[in-house]
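# Understanding the architecture of this molecule
Chain residues, written in single-letter form:
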Amino acid sequence: MTIEKFICGIPKAELHVHIEGTFEPELMFEIAQRNNIKIKYKSIDDLRKAYDFSNLQEFLDIYYDGASVLIHERDFYDMTWAYIKKLHSQNVLHAEIFFDPQTHTDRGIQFSTVITGIHKALENAEKEFGMSTKLIMCFLRHLDEEQAFQTLEQALEYKDWIVAIGLDSSEIGHPPSKFQRVFEKAQARGFLTVAHAGEEGPPEYVWETLNLLNVTRIDHGNRALEDDTLVQLLVQKQIPLTVCPLSNLKLRVVDKLENHPLKKMMNNGLLVTINSDDPAYFRGQLNDNYLKLSKALRLTIDDIYQLAKNSFTASFLSDSEKLSYIKKVDDYEK
Ligand code: ADE
Ligand code: ZN
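Below is a short write-up of the structure.

Reading the values: the criteria
Residues numbered from 1 in each chain as written. Chains lettered and ligands numbered in written order. Predicted model: local features only at pLDDT ≥ 70, side-chain atom pairs only at ≥ 80, totals over all residues. Heavy atoms only, no water. Helix = DSSP H or I, 4+ residues; strand = E, 2+ residues; numbered from the N terminus. Expected span 1.5 Å × (residues − 1). Buried < 20%, exposed > 50% of the residue type's maximum accessible area, 1.4 Å probe, protein only. Contact = heavy atoms within 4.5 Å. Polar contact = N/O pair within 3.5 Å; in protein donor to acceptor, adjacent residues only side chain to side chain. Pairing = 2+ DSSP bridges. Axes fitted to C-alpha atoms, helices over the stretch in contact; angles between N-to-C directions. Disulfide = S-S within 2.5 Å. Donors = N, O, S within 2.8 Å, 3.2 Å for Na, K, Ca; no water. Tetrahedral: all angles 85-135°; square planar, octahedral: opposite > 155°, others 65-115°. Near = heavy atom within 4 Å. Areas by Shrake-Rupley, 256 points an atom, 1.4 Å probe, with all protein chains shown as cover. Nonpolar A, V, L, I, M, F, W, Y, C, P; charged D, E, K, R; others polar.

### Regarding helix α4 (residues 56-67)
For α4, with 12 residues, the first-to-last C-alpha span of 16 Å sits near the 16 Å given by 1.5 Å per residue. When α4 is considered as a whole, its buried residues turn out to be Leu56, Phe59, Leu60, Ile62, Tyr63, Tyr64, Gly66 and Ala67. Considering only its buried residues, α4 is in contact with β1 (12-18), α2 (25-34), α6 (101-105), β3 (132-140) and α14 (279-282). With a side-chain oxygen positioned 3.2 Å from the backbone nitrogen of Gln57, the residue opening α4 is Asn55.

If you want it as structure tokens, here you go:
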């Protein structure tokens, strides 16, 4: 079997993907047209040419712009369903998906419109493909604490549809401590917590997510490697890091994939997973992330089995669900 086929077939979970980052230009143009919204790029090709980023902020500016054509429940449904089909074609059996409600509520779109469209597509994923999913609501960290509190209030009505609260957007200058109180409230209301940290921000931000936001998982976490004590703690507690190799390359967190720290993280005993982050913008679905990184770092077949198992271990599934998915990975023949 080729490595391509092996990676495509192995059962796996996606734990770090922003639904707005799955929005492919073709669908963006189609939805813009039906909503009578003018996109500032003349063609799909022109838009794709703009996907050349020097850092996180340059990407975020284009990403928020792209999301602005989403108006109706059907738009959120269509974007989510298009992505679910992509996951299914890659043998992704379970997905934990971020959404950024403030990107939409700030433009006057109702919270209920956003979450209902996404939720209906996730329900359909279970019905059509037997795929399990969970939804994680992120606060935009460039906005203030008060806006996060308001967003949490809106989320409470949909408590049953949201498993965890996360934190994303521009990292530098917006430390996790800014959101300590709202995360405390979210936890008191029964949400799990995760946060992006150590993507561009320093190891201190990773410490803060652990000590102040009480996260059970860290999104990215690359810069944790700069602090040995922090690494020891992450290993000892087996706090997962959801790592996104092609995102790291496209946003210049690493200069080339050959220098990506994933293998080093595994060798250190960290519980790491491979994820796609914003596949439409980084031109890499989950399996592309596995494949390109495997080639660049010369990952072994055993490494790939381990990473696929980690993706279930690090998920928010119950212990019995994790075991049954991990058995599927073990039963997968190379
Ligand atoms: N939102 C979407 N992708 C992101 C990333 N890589 N970092 C922070 N916020 C994001
Ligand atoms: Zn992310």
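So, next bit.
### Regarding the sheet that holds strand β8 (residues 272-274)
Spatial ordering of the open sheet is given by β1-β2-β3-β4-β5-β6-β7-β8, a layout of 8 strands whose pairing is parallel. Both outer strands of the open sheet, β1 and β8, are each paired with one neighbouring strand and no more. Adjacent strand axes in the sheet meet at a mean angle of 25°, parallel and antiparallel pairs treated alike. Both β3 and strand β4 (residues 164-168) contribute to a ladder of 5 bridges, which runs parallel. Bridging from a neighbouring strand, Phe139 pairs with Leu167 of β4. Seen against the sheet, helix α8 (residues 145-156) touches β3 and β4 and runs at an angle of roughly 150° to β3. Contacting β5 (192-197) and β6 (217-220), helix α10 (residues 203-211) crosses the sheet at an angle of about 175° to β5.

### What about the state of the cysteines?
Taken as a whole, this structure holds 0 disulfides when the rule is applied. Free of any disulfide, Cys138 has its nearest neighbouring cysteine sulfur in Cys244, separated by 12 Å. Assessed through its relative accessible area of 0%, Cys138 is described here as buried.

### Brief notes about the side chain of Arg217
Inspection of the secondary structure assignment puts Arg217 in strand β6. Looking at Arg217, its side chain comes within polar contact range of the main-chain oxygen of Ala314, at 2.9 Å. Among residues more than four places away in sequence, those in contact with Arg217 are Leu15, Glu96, Ile136, Thr193, Val194, Ala195, Ile239, Pro240, Thr242, Ala314, Ser315 and Phe316.

### Section: the coordination of the zinc ion (ligand 2)
Here the zinc ion (ligand 2) is held by the protein donor atoms His16 (NE2), His18 (NE2), His196 (NE2) and Asp277 (OD), which lie 2.0 to 2.2 Å from it. Coordination at the zinc ion (ligand 2) is irregular: its 4 donor atoms span angles of 84 to 174° at the metal. Taken in chain order, the donor set of the zinc ion (ligand 2) reads H-x1-H-x177-H-x80-D. Overall, the relative accessible area of 0% leaves His16 in the buried class.

### Some details on the site of ligand 1
The environment of ligand 1 is formed by His18, Leu56, Phe59, Leu60, Tyr63, Asp168, Ser169, His196, Glu199, His220, Asp277 and Asp278. Within the side chain of His18, an N or O atom sits 3.4 Å from a nitrogen atom of ligand 1. In the environment of ligand 1, a nitrogen atom lies 2.8 Å from a nitrogen or oxygen atom belonging to the backbone of Ser169. In isolation ligand 1 offers 260 Å² of accessible surface; the protein chains occlude 100% of this area. It is α4 that contributes the most residues to the shell around ligand 1, 4 residues altogether. Per-class residue counts for the shell around ligand 1 are 4 nonpolar, 4 polar and 4 charged.

On their own, these measurements won't tell you what the molecule is for.
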